[in-house]
Amino acid sequence: MFESHIDDSRFAKFFHLDNREAVITALKDTMDTIPGSYGMVLSSIDGQRLAYVTGRPLNTSRLAAITGSFCGLGE
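What counts, and at which threshold
Residues numbered from 1 in each chain as written. Predicted model: local features only at pLDDT ≥ 70, side-chain atom pairs only at ≥ 80, totals over all residues. Heavy atoms only, no water. Helix = DSSP H or I, 4+ residues; strand = E, 2+ residues; numbered from the N terminus. Rg over C-alpha atoms; globule rule 2.2 N^0.38 Å. Buried < 20%, exposed > 50% of the residue type's maximum accessible area, 1.4 Å probe, protein only. Salt bridge = Lys/Arg side-chain N within 4 Å of Asp/Glu carboxyl O. Contact = heavy atoms within 4.5 Å. Core = buried A, V, L, I, M, F, W, Y, C linked by side-chain atoms within 4.5 Å. Patch = residues over 30% accessible without salt bridge, like charges linked within 9 Å, V, L, I, M, F, W, Y side chains within 5 Å. Areas by Shrake-Rupley, 256 points an atom, 1.4 Å probe, with all protein chains shown as cover.

**Considering the overall build of the chain**
Broken down by element type, the chain carries three helices and three strands. Mapped from its N terminus to its C terminus, the chain presents α and β elements in the order β-α-α-β-β-α. Scaling as 2.2 N^0.38, a compact globule of 75 residues should have a C-alpha radius of gyration of about 11 Å, and the chain matches this with 12 Å. Structurally, the chain occupies a C-alpha span of about 35 × 30 × 20 Å along its principal axes. A burial count over the chain gives 24% of its 75 residues as buried.

**Things to note about the pattern of salt bridges**
Scanning the model with the defined rule gives two salt bridges in all. In this structure, D7 engages R10 in a salt bridge whose closest nitrogen and oxygen atoms are separated by 3.4 Å. By relative accessible area, which is 30% here, R10 ends up partly exposed. Across the pair D8 and R20 runs a salt bridge, and its minimum N-O distance is 3.1 Å. With a gap of twelve residues between them, D8 in helix α1 (residues 8-11) and R20 in helix α2 (residues 20-33) connect regions that are remote in the sequence. Here D8 falls in the partly exposed class, since its relative accessible area comes to 34%. Given the relative accessible area of 31%, R20 is considered partly exposed.

**A closer look at the side chain of T60**
Along the chain, the position of T60 falls in helix α3 (residues 60-74). Residues within four places of T60 in sequence aside, it is in contact with V41, R49, Y52 and T54.

**Some words on the nonpolar core**
In terms of nonpolar packing, the biggest core is built from nine residues, these being I6, F11, V23, I24, L27, M31, L50, A51 and V53. If you list the elements that add at least two residues to this core, you get α2 and β3 (49-54). Sort the elements by how many residues they give to this core and α2 lands first, with four residues. Those residues in contact with L50 that sit more than four places away from it in its chain are H5, I6, D7, R10, F11, F14, F15, L42, S43 and S44.

**Considerations on a nonpolar patch on the surface**
Residues Y38, L58 and L63 make up a contiguous nonpolar surface patch of roughly 250 Å² in combined accessible area. Structurally, L58 can be placed in the loop between β3 and α3.

This is how it looks when you write it as structure tokens:
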């Protein structure tokens, strides 16, 4: 039902690779609690996509980049 992916090379810069399944599970569980959500993206502060879970087609790279832009504006 959900499509999920982790970019191991980017993910490993921030988390231990043994935590991959826990991260995907947390993203899926969070999506289940938010009615009408399309997907979730875990991104770095510079807008790189680390992991995602989607229930519909979604440009997760673009969403990660937008998140990075918001972080930059917040600083």
